[in-house]
Amino acid sequence: MFDNSGAHSCNGVRDDVHTMWNGAMVEEHDKTHHHVTDNMYHPEPIHSTSMSTFLMRELAPQQFKIEKIFSSGAIVVQRFSEEGPTHATIANRTLTLMEVKNMDQPRQIQNPKTFNDLEFEWMEGNTIWNAPISVDELKQKESYFYNGFTMDETQDDLIETTKANIRNYVEEQQHFHNPSTHREETIRKLHQHGIVKLLPFLHALNYDSLIKLKTHYLGLRMDNEMDKASRDIFLEILPMTGTWPAALVVQEIVMNNDLRSDFETAKMLTIIPFYVEPVKALVEEFFKLVTQSSSKPHLQHPFTKSAIDLSYAHLVRRTCHEHSTQQECLSALHVDEYIKRFDSLAVDDHSSLQHIMAVFRNFRESEVLEGKLKAIIFDQSSKKYDSPLKTQAVFALADRAVKGGKAMEYFLPVFLNRNEGHEVRIAAFDMLMRATPSTTTFNKIMTFMIYETDNEVFNYVYTAFEKFASKFNDPCGHILKEYGEYFIKYWKQHMWQKPKYSFGVSKTFTNIFTEEKHGYSGSIDIHTIGSHKSTTPLSIKVDVRSHRFHHVTMQNFGMFIRMEGVASKVVDKVRSFMSTGNFEFEKLKEILFNDMNIRQRSAMPAKICLIFTRKDNIVFEYHLVDSEILGIFMKLREYISHIRTIEDVFKLSKHIGLAWDMFLYEQPTDFGVPMAYGSNAISVFGLHGEAKKTLGFAGKMDFRLHMDTENRDMMTVIHPNQKVRFTIHQDRKYKHQFKSAVTFHMDDLTRKFKVAIEVPKKDSPLSMLGHSQTVISTTENKIVESQTDLKMSCPTCSAQHVVSQGKDHRRQADLLRDYHDLEHIYGLKLDGLVFDCEYKEALSSGQRFFAFLHSFNPFHKEPKNLINVLVSGIRQMNAYLFYFPRTESCGAHFMLSQSAVDPVNEIVFEFILKKFQNLDQSQNLMTEKSITVAGDITFMGSVNRIHHIELEYVLAPMMTKTHLDIDIRRKQFKLQSKIYPEFPISFHMRTKTVPRTIDRPMLIKELTSAGDYGVHSSMELTWGHPDIKIRIEGDHKTTSEAMNHLRSKWYYNTCVREHSLQEWRQSEELPMTDACLYTLQDFFTLRHFTWDITATNLEPWMVAAYKKMGVLMKASLFPFWEFKPEYSTHEVSPRQPNIRIEQIFHPRLDTFDLTLRVNKDVSKFTGVNYGLWQWNAEPYMRLNRIPIPFYHSSYLRPELLTYMYYNEIINHCTATSKSIRTYDNVTYPYTVDHSCWTLISADCNEHPSFAVFMKKEKKTPLALMLFIGDLKIEFVPLKSKTFRIYVKGDEQLGKQGPFDLQDKDFLYWSSTKGSKLNTVLPNFIFKIIRQQNSYVLDFFPHMMINYDGNSIQVLAGPQVKGQHCGMCGDYNRNTHYELDDPQMCPLKNGEEMARAWTLDKKYCSTQVAKPDCHQPMTLY
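Residues numbered from 1 in each chain as written. Predicted model: local features only at pLDDT ≥ 70, side-chain atom pairs only at ≥ 80, totals over all residues. Heavy atoms only, no water.

Novice: Explain the overall build of the chain residue by residue, including any values.
Specialist: Along its length, the chain carries 37 helices and 52 strands. For the chain, the proportion of its 1420 residues judged to be buried stands at 52%. Taking the contacts inside the chain whose residues are at least 6 apart along the sequence as the reference set, 65% of them involve residues at least 24 apart. For the chain, the accessible surface area stands at approximately 66200 Å², while carbon and sulfur atoms represent 56% of it. (Helix = DSSP H or I, 4+ residues; strand = E, 2+ residues; numbered from the N terminus. Buried < 20%, exposed > 50% of the residue type's maximum accessible area, 1.4 Å probe, protein only. Contact = heavy atoms within 4.5 Å. Areas by Shrake-Rupley, 256 points an atom, 1.4 Å probe, with all protein chains shown as cover.)

Novice: Tell me about a negative patch on the surface, and name the residues and values.
Specialist: A surface patch of negative charge is lined by Glu 82, Glu 83, Glu 516 and Glu 841. Residue placement: Glu 841 occurs in helix α28 (residues 840-843). (Patch = residues over 30% accessible without salt bridge, like charges linked within 9 Å, V, L, I, M, F, W, Y side chains within 5 Å. Salt bridge = Lys/Arg side-chain N within 4 Å of Asp/Glu carboxyl O. Lys, Arg positive; Asp, Glu negative; His and termini not counted. Charge placed at Lys NZ, Arg CZ, Asp CG, Glu CD.)

Novice: Account for unusual backbone geometry, with residues named and values stated.
Specialist: That bond from Glu 862 to Pro 863 is cis: its omega, 0°, falls within 30 degrees of zero. As for its position among the elements, Pro 863 is in the loop between β21 (861-862) and α30 (866-883). Note that the residue after Val 994, namely Pro 995, is joined by a cis bond; omega there is -5°. Even without being glycine, Asn 1097 reaches a positive phi, approximately 55°. Secondary-structure assignment places Asn 1097 in the loop between β32 (1088-1096) and α35 (1100-1116).

Novice: For the pairing of strand β12 (residues 648-668), give the residues involved together with the corresponding values.
Specialist: Bridge analysis of β12 against strand β13 (residues 674-694) gives 20 bridges, and the strand direction is antiparallel. If you follow Phe 650 over to β13, its bridge partner there is Ala 691. The hairpin formed by β12 and β13 contains five residues between the paired strands, and Gly 672 there has a positive phi angle of roughly 100°. (Pairing = 2+ DSSP bridges.)

Novice: Could you give an account of a nonpolar patch on the surface, naming the residues involved and the relevant values?
Specialist: Among the surface-exposed residues, Phe 54, Met 56, Phe 64 and Ile 66 lie close enough to one another that they form a single nonpolar patch of about 400 Å² accessible area. Secondary structure elements with two or more residues in the nonpolar patch: β3 (46-60) and β4 (63-78). Take Ile 66: it is sitting in strand β4.

Novice: An account of the pattern of salt bridges is requested, with residue identities and associated values reported.
Specialist: A complete count under the given rule lists 60 salt bridges for this structure. A salt bridge links Arg 57 to Glu 67, with the shortest nitrogen-to-oxygen separation between them at 2.5 Å. Of the two residues, Arg 57 is situated in strand β3 and Glu 67 in strand β4; the sequence distance between them amounts to ten residues. Between Lys 467 and Asp 525 there is a salt bridge; the shortest N-O distance is 3.8 Å. With a gap of 58 residues between them, Lys 467 in helix α21 (residues 455-470) and Asp 525 in strand β7 (residues 520-529) connect regions that are remote in the sequence. Across this residue pair, the class does not change: Lys 467 and Asp 525 are buried.

Novice: Report on the sheet that holds strand β5 (residues 86-96), specifying residues and quantitative values.
Specialist: Strands sit in the order β3-β4-β5 across an open sheet of three strands; the sheet is antiparallel. The open sheet has two free edges, formed respectively by β3 and β5, since each of these has just one partner strand. Adjacent strand axes in the sheet meet at a mean angle of 10° when their direction is disregarded. (Axes fitted to C-alpha atoms, helices over the stretch in contact; angles between N-to-C directions.)

Novice: Before we move on, can you summarise the side chain of Arg 317 with the specific residues and values?
Specialist: In this structure, Arg 317 sits in helix α12 (residues 302-319). It turns out Arg 317 is buried and unbridged, and the closest side chain with the opposite charge, Glu 365, is 5.6 Å from it. Reaching out from Arg 317, the side chain makes a polar contact with the side chain of Asn 617 at a distance of 2.7 Å. Once residues within four sequence positions are removed from consideration, Arg 317 is found in contact with Asn 362, Phe 363, Arg 364, Glu 365 and Asn 617. (Polar contact = N/O pair within 3.5 Å; in protein donor to acceptor, adjacent residues only side chain to side chain.)

Novice: Provide a residue-level description of the state of the cysteines, including the pertinent values.
Specialist: In total, this model carries seven disulfides according to the counting rule given. In this model, Cys 1055 is linked to Cys 1076 through a disulfide, with the two sulfur atoms separated by 2.0 Å. One quick way to see it: the torsion about the S-S bond of Cys 1055 and Cys 1076 is about 100°, and its sign makes the bridge right-handed. Of this pair, Cys 1055 sits in helix α32 (residues 1050-1059) while Cys 1076 is found in helix α34 (residues 1074-1083), placing the two residues 21 residues apart along the sequence. Judged by its relative accessible area of 0%, Cys 1055 is buried. Here Cys 1236 connects covalently by a disulfide to Cys 1404, the sulfurs 1.7 Å from one another. Taken as a pair, Cys 1236 in the loop between β39 (1227-1229) and β40 (1237-1243) and Cys 1404 in the segment after β52 (1398-1399) lie far apart in primary sequence, 168 residues in all. Using a relative accessible area of 1% as the deciding quantity, one classes Cys 1236 as buried. (Disulfide = S-S within 2.5 Å.)

Novice: Help me get a handle on the nonpolar core, residues and values and all.
Specialist: Of all hydrophobic cores here, the largest spans 141 residues; its most connected members are Phe 360, Phe 363, Phe 411 and Phe 429. Setting aside chain neighbours within four positions, we find Phe 429 in contact with Phe 415, Ile 445, Tyr 460, Val 461, Ala 464, Phe 465 and Phe 468. Counting residues in each nonpolar core, the second largest holds 64 residues, with Tyr 1228, Met 1265, Ile 1345 and Cys 1365 among its members. (Core = buried A, V, L, I, M, F, W, Y, C linked by side-chain atoms within 4.5 Å.)

Novice: I'd love a proper account of the packing of helix α17 (residues 387-403) against helix α19 (residues 422-434), names of residues and values included.
Specialist: The N-to-C vectors of α17 and α19 enclose an angle of 10°; their axes lie 9 Å apart at closest approach. In this view, α17 runs roughly parallel relative to α19, as classed from their interaxial angle. Residues Ser 387, Pro 388, Lys 390, Thr 391, Val 394, Phe 395, Ala 398, Asp 399 and Val 402 of α17 form the contact with α19, whose participating residues are Glu 423, Val 424, Ala 427, Ala 428, Met 431 and Arg 434. (Parallel < 35°, antiparallel > 145°, perpendicular 65-115°, else oblique.)

Novice: Describe the packing of aromatic side chains, with residues and values.
Specialist: All told, the structure shown has 54 aromatic pairs when counted by the stated rule. For the ring pair Phe 80 and Tyr 883, a centre distance of 6.3 Å and an interplane angle of 75° mean the geometry is edge-to-face. Of this pair, Phe 80 sits in the loop between β4 and β5 while Tyr 883 is found in helix α30, placing the two residues 803 residues apart along the sequence. Among the residues examined, Phe 80 registers a relative accessible area of 2% and is labelled buried. (Phe/Tyr/Trp six-rings, centres within 6.5 Å; stacked < 30°, edge-to-face > 60°.)

Novice: I'd like a rundown of helix α14 (residues 335-343), residues and numbers included.
Specialist: Among all positions of α14, only Val 335, Tyr 338, Ile 339 and Phe 342 are buried. Seen end-on, α14 carries its buried residues on one side only, within an arc spanning 100°. (Arc of directions from axis to C-beta.)

Novice: Describe the sheet that holds strand β37 (residues 1211-1216), and please don't skip the residues or the numbers.
Specialist: In space, the eight strands of this open sheet follow the order β39-β38-β37-β50-β49-β48-β47-β46, with antiparallel pairing throughout. Only two strands of the sheet have a single partner each, and these edge strands are β39 and β46 (1306-1310). Adjacent strand axes in the sheet meet at a mean angle of 10°, parallel and antiparallel pairs treated alike. Of the strand pairs in this sheet, β37 and strand β50 (residues 1351-1356) are connected by six bridges, and their pairing is antiparallel. Each bridged residue has a counterpart across the sheet, and for Cys 1213 the counterpart in β50 is Val 1354.

Novice: Which residues make up the environment of Thr 779, and what values do they have?
Specialist: Relative to the assigned elements, Thr 779 resides in strand β17 (residues 766-780). Sequence separation between Thr 779 and Arg 725 is 54 residues, and the spatial gap between their C-alpha atoms is 5.8 Å.

Novice: I'd like a description of the side chain of Gln 251, backed by residues and values.
Specialist: Counting through the fold element by element, Gln 251 comes out in helix α9 (residues 244-256). From its side chain, Gln 251 meets the backbone oxygen of Glu 285 in a polar contact 2.9 Å long. Setting aside residues no more than four positions away along its own chain, Gln 251 makes contact with Glu 285, Phe 286, Lys 288 and Leu 289.

Novice: Would you mind going over the packing of helix α15 (residues 350-363) against α17 in detail, with residue names and values included?
Specialist: At a minimum axis distance of 9 Å, the contact between α15 and α17 shows a crossing angle of 10°. Viewed along their axes, α15 and α17 adopt a mutual orientation that is roughly parallel. From α15, Leu 353, Gln 354, Met 357, Phe 360 and Arg 361 reach across to α17, where they touch Pro 388, Leu 389, Gln 392, Ala 393, Phe 395 and Ala 396. For the contact of α15 with α17, the residue count by class is eight nonpolar, two polar and one charged. (Nonpolar A, V, L, I, M, F, W, Y, C, P; charged D, E, K, R; others polar.)

Novice: Which residues make up the pairing of strand β41 (residues 1250-1255), and what are the values?
Specialist: Along β41, six of the six residues are buried, which leaves the element largely enclosed by surrounding structure. Of the pairings in the sheet, the one linking β40 to β41 comprises four bridges and is antiparallel in character. Within β41, the position partnered with Leu 1239 by the bridge is Phe 1253. The sheet contact formed by β41 and strand β42 (residues 1263-1268) spans six bridges and is antiparallel. Paired with Phe 1253 across the bridge in β42 is Met 1265.

And the structure:
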């Protein structure tokens, strides 16, 4: 059996049996839990049976004579589960006794060999890893099948045929065939010229012949389109051939730098290990690339150098697959040399170390390498390596640890070690889960999480448990699902802290779909590792997989990207470009780092690591460090700055091939005749064209795209003469074409943008064509597919026949017949056709729609959210078309082109940005925003169809009002003496909060008020005529029932209790605590929704649509229907309905009531439980969901702001006279017995941007002093709620003030003009707005301070994370170790914190005793 798809089975079958499917080698599981896999039975997709019957005649008692032997056997391939075709080979044989002869004496068997099983082996001499094979033997021609069947043709004939077939294939890709007019020709051409059909000819060529082909194609002209395409196709399929001669040719191409391209050479190298069956002699030839890389400059190119090592390691692992000789093989194939290379590298050589570690991951199985990786992970090496490398070492060790039953021994201690970096611990946890740990291990992990101090680890493990509990389609995850469901129940019941799925935090989740009837499914696993020093994630890993037969999994694609320190570099660049005015910070640095002796938060050096994997093998890796990243940014910036002046022409010509599946299984039938089952699936993507860049932002691109995919399953039986075979195969072929041109022009001065897209012509349309058929055939091993014996015995018989009930049963259906009228109006021909189809469901519009709904059915997907339903639904549709589990013939075709009469030549999009500004309302914290876009969409032809579009969107501060207008007006035009009148379409939408959102903090007494808060919305759609319209009035509000129920919630009572504390009781406002935030969210959650829909002069199809939707709603809610309909006493026009929908949620009962009124017909549904969408979640628990635009669920505006706060994208610290609430949500009390300023929040990196100080005053609980760079702002209290503001700038501006701000007053500060009350200044550094008794300071970047004399709230953006210092904590998401002094030494309590962070060297007359350090703290 030969297989390369990299799939893995979960059955506990021995490794050395090589039971494979879809390229799957069955892997032995962790031996410590082998009982788990033993109890998991799944039927294999390939199985065989054999039975022999002896017919005997009794000659005498206990004496029998055999007269006949009947033997029968079957080999069955079941690719799908409940439904779908099955391939079977059945062999029957009858032996009749003709003669009996005497044998003189029994013959002795020479050199007997004992077999313990009856496994059959093919070509065993060639599969031994160290078989004595010379290079000349490697160059010899190979047979396509292991049984020896090969083409009986001369090499020269095969060469010429290969050239002709490649040329024909390239030409065919450029031709368009229309199945609606030439059905038979289209089908014949589609299946005749497939990429899979090229492989057998290359497979039959020896090394010399392939060298001739290489010389021929590399010598073709690159400026000739056909020659370039032929060259590309040959180079794409050459490494996929999988023969030793082909592999040697690739090695020579790389060695000689024949391609003159770093990327192309690397790509060809990485393909080879997937398809060839390597032996030591072949691997040694590739090792020459490794040894000679230093002497050949082109082998040192980054992509080529990486690919040489990665592909070599991949080849070695495939060579050393036998357990009994594995270590001997790995030792002989130079694994030790890579370990020596690794040891010779310095620990700070990031790129080289990561590269060798990627090579280790491809080796996987070495015993010596296992020891080396273990030493790296457990810090037992003479060198100490950083967390990124140790993380990759965990990945590299995983396969061997899991197979050897050592996963618990290696990874559990790493995960439980809190002194280890969180990135390494999470990697160890993931690999631990691959070994299917026991319930004891699960219990130990869950118990350990109760005391976990690292939030990144805690959140990741919690989300992993949730993923395990919901991942129902993972073939190897059934045990994890069972354990996950069990333990997550207790975790949710007893863990107060809940996981978050917000941006940047460590988490894992999966999007899955399953198709039970056919036994396939798919998943997309996402793993995010957060950072303690940045809001952006440290690394992201994506794993896209396909699953078959409930126990086989294969990776389609994988990506790992790690970006350490990159976000801070980007923020620095943005700060330098966007900060307004002159920004100095030397005085602030003096205060923080000298006067207060704060340890500066060092910037992380930027590092990028990018890895792509295919079938669980690394095929690409690229690493960049700080200086290289900055160099790329500089080059990119330079290119962008010169892009206006660039004038050039770029030729586009490239083909890329990708093999999805390549599998071959062979065994003898019951009486020795060989059979084979094979599967091949290959896609080829092609691009031809020319791109022309002109001055400015303008250019044109002419292009032709095509994609060709062929998926073929084949079962064949070879005649004993080794010349004839009998085959049945299913061929699924897809061919897509698109030829067009795009012209673009952008003028940033006038803010105009224009794009013109050429409509494909009728003879080369945008075409999407697919067809599947099952064919039974018999052929000889010749180039020309014929069968001489068949012609002699049956001259009228065909050697190839399509499995069908007959041509009369293969019909066609028009999918878009209702839209053909648009062809005459818009000059576009749009066709959709099902043709040559015996599949009855495809011919029925209802069945097609049902299949579409089935693909997007949320019950077969997890999680059941809108994004996953759409993404997984598309994957499920694509999987069905790819596999097409039907024997019947069927094809589909979609086409878009110019019409035959009055065609449209191109479609022009021309827009102008008329307005994009913040309206001047400076007294508001957030200004009103407005955008207006206008333009035309023109269908250009002999008659132009012009559509004028205007869009305006206005957003009031805090989203108290929104205003959206879209007007589309098709102008009048005349076509073939018929005048098409002007046709307008208008959409208008207004929303507003009722009452208008308050622009001040919420008062505690307002929580007990019975007032209604709501959002009113109105939408109006008009088309064709002003009398034809639909109007929807929405009125959504809170309910008194929900407000009463709020008083029983824990967060409401906590909020009220917090307000009674001494530090908050003096204020009428709500405390700035989490409990009060949750209370506000619940208080303002809308629970009474009303929609009033009125329509006039509806189209008939619209009438039918709303009636059907009403029937569907009533049917789905039938159990809750109060059947008390009321009917009008007079006739109501269905074209002018009045519809009212009212929905009221009852949070106490977790139900809602729904009333549907259509004119006088009223239907009520009461007591409906929330069900699938889990609407019964507490309002604050829904904050982790991204708000849906234009959908209002809360009176709080904007909902995106509360989402960002809850998910810690922005965060706040609150200081009162008695307590501090840190950024990481830790609240601690403190006491102060001095009058010095105390630092509560500051940016402590190399370029500090702000610092906030507080101190206690007699006239008010807290005074405030703020530094923005070197700019000092001080609030001096006159009495409890009255302050004078002083601002001290540079020497030129000096000290300004006092400023006395009244309610609604504002103050801007400019570095050149200083400040003037209630005057807007350009290039301002900060602004202050007074709202009743509160002052709000806003400054770059995304920093906000709210101060009222009683408390100070600092709202910080994501750029401060990991760079913060002060009493507000370290801001790294970890709730432990929040009490640190300026030197990051742990402290005991808030009293010590207040003394440690005191500024007593400036602005203070007394010296404060600083606390001692209690213990050292490990830093990461």
